[in-house]
Amino acid sequence: MRTLFIGDVHGCADELDALLKECGWQPGERVVLVGDLVAKGPDSAGVVQRARELGLQAVRGNHDEHVLRWYQGHQKPGKKLKPEHQQVLDTLTPEDWRYLDLLPLYLRLPELNALAVHGGVVPGVPLKEQRQEHLLNLRSITSDGKPSKRISDGAPWASLWKGPELILFGHDAVRGLQRYKHAYGLDSGCVYGGRLTAYVLPEGRFYSVPAKRAYLYMAGPA
Ligand SMILES: [Mn+2]
């Protein structure tokens, strides 16, 4: 049975449909979305609905986490929700929220020697000791070894990951598709008018489809 790992969908439901078709996906084949299912794009509710109804698996992204916190009433007093997040609050159903709330921070697939996570892992730190903020937001490791969520702050964490597991991750549309020895970054910026990308095991092949349009313009990493 194949497993399809899919980069940041961000509400691009039509492109998700097109990518599943491009991969020749059949019901029963496993799909793992690497987080940020919602926000920014045109149809967050449609993406979560598909994920539920098609039985797709996923890990939690920073935007999924952000809207969940608001939905559950943990918003910071005096802070306003951005329109890209308010739209998610306005459209998801209770069943959609339940699906998002059950998403794990990472997913281990030992039979594939693979791990899915949205942001990344800090190389050298055991998985159980990784901090949530890094699993959701990590992008770089500074020259003095500190984890950072900025792209301008040192080396891509994935370039320093020595395995043995292959990590499939998202969250870094600025760097785009990344291919290191033991880690592949799958966020090829679909919501910004780039592409939606899948990596499929065990065949070891990338598939992608173009965005129908740019739904948003990249204003720097968020
Ligand atoms: Mn993200």
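In what follows, the structure referred to is the one given above.
Counting of residues starts from 1 at the beginning of each chain's written sequence and follows it residue by residue. The model is predicted, so local features are restricted to residues of pLDDT at least 70 and side-chain atom pairs to those at 80 or more, both for listing and for counting; the totals for chains, interfaces and linings are taken over all residues. The side-chain numbers reported here are obtained from all heavy atoms of the structure, hydrogens and water having been left aside.

Attention now moves to the pattern of salt bridges. Pairing between side chains of opposite charge can happen when the charged atoms of each approach one another. Salt bridges are defined as contacts in which a side-chain nitrogen from Lys or Arg sits within 4 Å of a carboxyl oxygen from Asp or Glu. Counted according to the given criterion, the structure contains twelve salt bridges. Two residues, Arg30 and Glu111, come together in a salt bridge whose shortest N-O distance is 2.8 Å. One end of the pair, Arg30, is in strand 2 (residues 30-33); the other, Glu111, is in the loop between strand 4 (106-109) and strand 5 (114-117), and 81 residues separate them in sequence. In this scheme, a residue with accessible area under 20% of its type's maximum is buried, one over 50% is exposed, and one in between is partly exposed, where area comes from a 1.4 Å probe on protein chains only. Residue classification places Arg30 among the buried positions, given a relative accessible area of 18%. For the purposes of this entry, the term helix denotes a DSSP run of H or I that reaches at least four residues, the term strand denotes a run of E that reaches at least two, and both are numbered from the N terminus.

A few words now on the coordination of the manganese ion. Distances decide who is a donor: an N, O or S atom must be within 2.8 Å of the metal, or within 3.2 Å for Na, K and Ca. Water is not included, so sites may look incomplete. At 2.1 to 2.3 Å from the manganese ion lie its protein donor atoms, namely Asp36 (OD), Asn62 (OD1), His118 (NE2) and His171 (ND1). Along the chain, the residues that donate to the manganese ion are spaced as D-x25-N-x55-H-x52-H. Here His118, found in the loop between strand 5 and helix 6 (132-137), pairs with His171, found in the loop between strand 9 (166-169) and strand 10 (178-179); they are 53 residues apart in sequence, far enough to count as distant. For His118, a relative accessible area of 0% translates into the label buried. Note on His171: relative accessible area 3%, which makes it buried.

For the rest of this paragraph, the subject is helix 3 (residues 62-71). Counting buried positions over the ten residues of helix 3 gives seven, a clear majority of the element. Turning to helix 3, its buried residues are Asn62, His63, Asp64, Glu65, Val67, Leu68 and Trp70. Contacts are assigned to residue pairs with any non-hydrogen atoms lying within 4.5 Å of each other. Packed against the buried residues of helix 3 are helix 4 (83-91), helix 5 (94-101) and helix 6. Looking one or two places after helix 3, you find Gly73, whose phi comes out positive at around 85 degrees.

What is shown is where atoms sit, not what they do.
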